[in-house]
Amino acid sequence: MPVHAQADVEEGAKLFRRCFSCHMLGVNAFNRTGPHLNDLFGRAAGSVEGFQYSDDMNRAAAGGLIWDVDNLDAFIENPKNLISRTKMRFNGIANPKDRANLMAYLRQFSDNPSNIPEADPTLQARDPDIDPDILAIKGDPEYGAYLSGECVTCHQTGGGDDGIPSIVGWTQLDFVTALQAYKSEHRNHPLMQLMAKRLSNEEIAALAAYFETVER
Amino acid sequence: MKLDRRGFIGAGVATAATLSAPMVIGAGHGKPRVVVIGGGAGGATAARYIAKDSAGAIDVTLIEPTRTYYTCFFSNLYIGGFRDFASIGHSYGTLAAEYGINVIHDWAIGVDRDAKSVTLAGGSKVLYDSLVISPGIDFIEGSVPGWDITSQNAMPHAYKAGSQTQLLKAQVEAMPAGGTFAMVAPPNPYRCPPGPYERVSMVAHLMKKINPTGKILILDPKAKFSKQGLFEEGWGKHYGGMIDRIDPDFGGANIEVRPDTMEVVIDGEVEKVDVCNVIPAQKAGRIVEIAGVIDGNWAPVHAADMRSKLDDNIYVLGDSSAQGDMPKSGFSANSQAKVCAMAVRGSLTGSAIFPARFSNTCWSLIDTNDGIKVGASYEATDAKIAKTSGFVSQTGEDDALRQQTYEESVGWYAGISADIFG
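### Re the overall build of chain B
Now for step 1: Secondary structure assignment for chain B yields 10 helices and 24 strands.
Now for step 2: Over its C-alpha trace chain B gives a radius of gyration of 22 Å, about what one expects of a compact globule, namely 22 Å for 422 residues.
Now for step 3: Restricting to contacts in chain B with at least 6 residues of sequence separation, those with at least 24 account for 67%.
Now for step 4: Within the structure as shown, chain B displays about 16,400 Å² of accessible surface, and the carbon and sulfur contribution to it stands at 51%.
Now for step 5: In chain B, 38 positive and 45 negative side-chain charges are present, and the distance between their average locations comes to 6 Å.

Written as structure tokens, this is what we have:
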């Protein structure tokens, strides 16, 4: 269904107060702590000139991430779910209705919103939420230490992150969120999907428990 | 009773506690001893993980003749000018100093499986409780008529990295303008399936700069090769017209070389070339044969722990092993080594043994910032290491993704080097 039929732009404007200390909108907008959000819909991630994005955002951009309704919705819900080390310090908006309202407001500042295909609806059913039961699993760090052998062929335990991100010292929540997002193909790196898909939820928890203890 | 993983680990520890003490005493020495032959991606990883995870409970000796180990992976990038030679060289200082591994720079020339000892070229013997053999590949004599190991200066293989790699690069740089570089590609199975074709890409990259009218001729006994569509797309895009491949239909499997006159004979037709890179057919490193744990050209191993099917005290890793579906690669050897290290520790000290898991990814560089990759995950079955799923780069990918893939490979090199050599 079309976004304007569902969403409340005024409510969205109120929600944007949580964003505007970092992000500007409108004719005089410029980049502040975050990039300006004019013409956001349909924009390639990491593409605002003059803004220094995080390495992870640049990596996602190189992978072809476009800010369509679906990706924006996922990002606003939990930024780290989509871009693990984004610079955006924002815990996300859990309520889908709130996100729809916020996007409806943001869309006022993008060119000709009617060009956005209705087949790309805001309120579609999707599953970015991680089951609290999964988040509650207590990982076995000893098992995680063994499993980590597969990770450290590429991810350096010393913390180096040229070309491949460092994964040591992450919080368990970030770690589980990232791997579950690959497992569900929410994130699109084929190698990481391959690795994550054959990890059980217990194994992901074990890895998270182990890597949290590794110091850079 | 349902046996969960926790119970399984606990059971493993208890069993070992009752068994390991008499075993060690019976052997007549204090600590269990592991000897590793070969300091490459398989052997050095196994030595490091056994030493690291046993925290002094196992005596680890690593036998490797060279003091500086040059990795085969990324040696093509040296030929292309993307890496300097020193950057693919690694010493064993960290393994000795930080992990307490006894590193012996010598050749292993004999294995006495009854006495459980390894004889070194220097004359001494090293005793083991478990022996890990990871010597890489050797060449099958006579597989390329006209070529033997004494021809390797005239026609380098450069398929064990080091001075051979430098020689091959120097020869490409010294080619006359418009000259011909020939490669005799190996038949399956061989080390690093995309390796010969990445090499061709890197030679083409170098020649495009210094000898743009030069030609590259691949003489290939195989009808198909790894990542073929991706390489051929890249060759067309970057090196249009420079590279010709002669497959078996056109005589690629009927090759003779004449190192004295720098000629190759393709299905009876004599062709003069300026550089000839001969990559012969391959078999397990010679020490595997000497140890008698070979069947045909390779060493059969159990998929769960890389233990030899012919000797319970010996494990064979990497290129030399016949394990199933994994390609012969540094990544595979490193992956197998970690499974093996866990199994060796478990059998000697009773530490936890978790189910084996294997993976492999091979990155290749076609031209500047044009990287591709293929990878898969594997599991141990009763019969073999079996592929479970995989992925491969696609033709027509955009430049940003290819650049990301290349940058990822650089990160991987740093990661795996640290994982192997500490």
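### Remarks on the interface of chain B and chain A
Now for step 1: Each partner contributes residues to the interface: chain B has 38 residues there, and chain A has 25 residues.
Now for step 2: Surface buried jointly by chain B and chain A totals about 2,500 Å² across both partners, of which 58% is contributed by carbon and sulfur atoms.
Now for step 3: On the chain B side of the contact with chain A, Phe354, Arg357 and Gln404 of chain B bury the most area, a combined 26% of that side's loss.
Now for step 4: Applying the counting criterion to the chain B and chain A interface returns 2 salt bridges.
Now for step 5: Taken together, chain B and chain A are joined by 13 residue pairs in polar contact (both at pLDDT 80 or more).
Now for step 6: Where the side of chain B that touches chain A is concerned, the elements lending two or more residues are α1 (5–27), α9 (330–349), β22 (358–367), β23 (370–380), β24 (385–392) and α10 (399–421) of chain B.

### Here we look at the sheet that holds strand β5 (residues 102–104) of chain B
All names here are of chain B.
Now for step 1: Pairing in this open sheet of 5 strands is parallel, and the strands run β5-β2-β1-β9-β20 from one edge to the other. Where the open sheet ends on each side, the last strands, each with one partner, are β5 and β20 (314–316). Ignoring strand direction, the axes of neighbouring strands in this sheet form an average angle of 15°.
Now for step 2: Strand direction decides the pairing type here: strand β9 (residues 130–133) and β20, joined by 3 bridges, are parallel. Across the sheet, residue valine 132 finds its bridge partner in β20, namely tyrosine 315.
Now for step 3: Of the strands in this sheet, β1 (33–37), β2 (59–63) and β9 touch helix α2 (residues 43–54), which is tilted by about 165° from β2.

### As for the pairing of strand β13 (residues 243–246) of chain B
All names here are of chain B.
Now for step 1: Inspection of the sheet shows strand β12 (residues 215–219) paired to β13 by 4 bridges, in the parallel sense. Across the sheet, isoleucine 218 pairs through a bridge with arginine 245, a residue of β13.
Now for step 2: Between the parallel elements β12 and β13, the chain passes through helix α7 (residues 228–239) in a crossover that is right-handed.

### As for the domain arrangement of chain B
Residues and elements named next belong to chain B.
Now for step 1: For chain B, the assigned domains read domain 1 (5–136 + 285–352) and domain 2 (141–281).
Now for step 2: Taken together, the 17 residues of domain 1 in the interface contact 20 residues of domain 2.
Now for step 3: Between domain 1 and domain 2, a total of about 1,600 Å² is buried, with carbon and sulfur atoms accounting for 64% of that surface.
Now for step 4: It is Asn76, Ile79 and Lys328 that lose the most area in domain 1 upon contact with domain 2, and together they represent 37% of the buried surface on that side.
Now for step 5: The interface formed by domain 1 and domain 2 includes 1 salt bridge.
Now for step 6: In this structure, arginine 191 engages aspartate 319 in a salt bridge whose closest nitrogen and oxygen atoms are separated by 2.5 Å.
Now for step 7: For the pair domain 1 and domain 2, the number of links is 6 residue pairs in polar contact (both at pLDDT 80 or more).
Now for step 8: Among the elements that take part in the side of domain 1 that touches domain 2, helix α3 (residues 75–80) stands out by supplying 6 residues, more than any other.

### Section: the packing of helix α6 (residues 195–210) of chain B against α7 of chain B
Residue and element names in this part refer to chain B.
Now for step 1: Direction vectors running N to C along α6 and α7 enclose 5°, while the axes themselves pass 11 Å from each other. Classified by the angle their axes make, α6 and α7 are roughly parallel. On α7, the residues that touch Tyr197, Glu198, Val200, Ser201, Ala204, His205 and Lys208 of α6 are Phe231, Trp235, His238 and Tyr239.
Now for step 2: Here the residues of the contact of α6 with α7 sort into 6 nonpolar, 3 polar and 2 charged.

### Some thoughts on the confidence of the model for chain A
Residues and elements named next belong to chain A.
Now for step 1: The share of residues in chain A with pLDDT of 70 or more is 88%, and the mean pLDDT across the chain is 83.
Now for step 2: Mean pLDDT across the elements of chain A ranges from a minimum in helix α1 (residues 3–6), with 48, to a maximum in helix α11 (residues 201–213), with 95.
Now for step 3: Contacts for the low-pLDDT stretch residues 1–5, under 50 throughout, to residues beyond four places or in other chains number 8 contacts.
Now for step 4: Counting contacts from residues 113–127, a segment whose pLDDT is below 50, to residues more than four positions away or on other chains yields 25 contacts.

### Side note on the packing of helix α5 (residues 163–173) of chain B against α6 of chain B
All names here are of chain B.
Now for step 1: Contact geometry for α5 and α6: axes closest at 10 Å, N-to-C directions at 35°. α6 is crossed by α5, and the crossing has right-handed handedness. Facing Leu168, Lys169, Val172 and Glu173 of α5, the residues of α6 in contact are Arg199, Val203, Leu206, Met207 and Ile210.
Now for step 2: Residues of the contact of α5 with α6, tallied by class, amount to 6 nonpolar, no polar and 3 charged.

### What to know about the pairing of strand β16 (residues 269–272) of chain B
Residue and element names in this part refer to chain B.
Now for step 1: Note that strand β15 (residues 263–266) and β16 share 4 bridges and pair antiparallel. When the sheet's bridge partners are listed, glutamate 263 is paired in β16 with lysine 272.
Now for step 2: Joining the antiparallel neighbours β15 and β16 is a turn of 2 residues, in which aspartate 267 adopts a positive phi near 50°.

### Section: the packing of aromatic side chains
Aromatic ring pairs are reported here in terms of the distance separating the ring centres and the angle at which the planes meet.
Residue and element names in this part refer to chain B.
Now for step 1: Evaluated as defined, the whole model comprises 27 aromatic pairs over all chains.
Now for step 2: Both rings, one in phenylalanine 73 and one in tryptophan 412, keep their centres 5.4 Å apart while their planes meet at 50°; by these two values the pair is tilted. Within this pair, whereas phenylalanine 73 is found in the loop between β3 (68–70) and α3, its partner tryptophan 412 is found in helix α10, the two being separated by 339 residues in sequence. Like phenylalanine 73, the residue tryptophan 412 is buried in the burial classification.
Now for step 3: Ring centres of tryptophan 412 and tyrosine 413 lie 6.5 Å apart, and the angle between their planes is 80°; on these two criteria the pair is classed as edge-to-face. Pair check on accessibility: tryptophan 412 and tyrosine 413 agree, each one buried.
Now for step 4: Members of the aromatic cluster, each reached through a chain of ring pairs, are Phe73, Phe74, Phe331, Trp363, Trp412 and Tyr413.
Now for step 5: Above the ring of tryptophan 298, the side-chain terminus of lysine 328 is found at 3.7 Å from the ring centroid.

What counts and how
- Residues numbered from 1 in each chain as written.
- Chains lettered and ligands numbered in written order.
- Predicted model: local features only at pLDDT ≥ 70, side-chain atom pairs only at ≥ 80, totals over all residues.
- Heavy atoms only, no water.
- Helix = DSSP H or I, 4+ residues; strand = E, 2+ residues; numbered from the N terminus.
- Rg over C-alpha atoms; globule rule 2.2 N^0.38 Å.
- Contact = heavy atoms within 4.5 Å.
- Areas by Shrake-Rupley, 256 points an atom, 1.4 Å probe, with all protein chains shown as cover.
- Lys, Arg positive; Asp, Glu negative; His and termini not counted.
- Charge placed at Lys NZ, Arg CZ, Asp CG, Glu CD.
- Buried area = accessible area lost by both parts, 1.4 Å probe.
- Salt bridge = Lys/Arg side-chain N within 4 Å of Asp/Glu carboxyl O.
- Polar contact = N/O pair within 3.5 Å; in protein donor to acceptor, adjacent residues only side chain to side chain.
- Pairing = 2+ DSSP bridges.
- Axes fitted to C-alpha atoms, helices over the stretch in contact; angles between N-to-C directions.
- Right-handed = clockwise from strand over helix to strand, strands pointing away.
- Domains from an automatic or database assignment.
- Parallel < 35°, antiparallel > 145°, perpendicular 65-115°, else oblique.
- Nonpolar A, V, L, I, M, F, W, Y, C, P; charged D, E, K, R; others polar.
- pLDDT = per-residue confidence, 0-100.
- Left-handed = near helix turned anticlockwise from the far one by under 90°.
- Phe/Tyr/Trp six-rings, centres within 6.5 Å; stacked < 30°, edge-to-face > 60°.
- Buried < 20%, exposed > 50% of the residue type's maximum accessible area, 1.4 Å probe, protein only.
- Lys NZ or Arg CZ within 6 Å of the ring centre and 35° of its normal.

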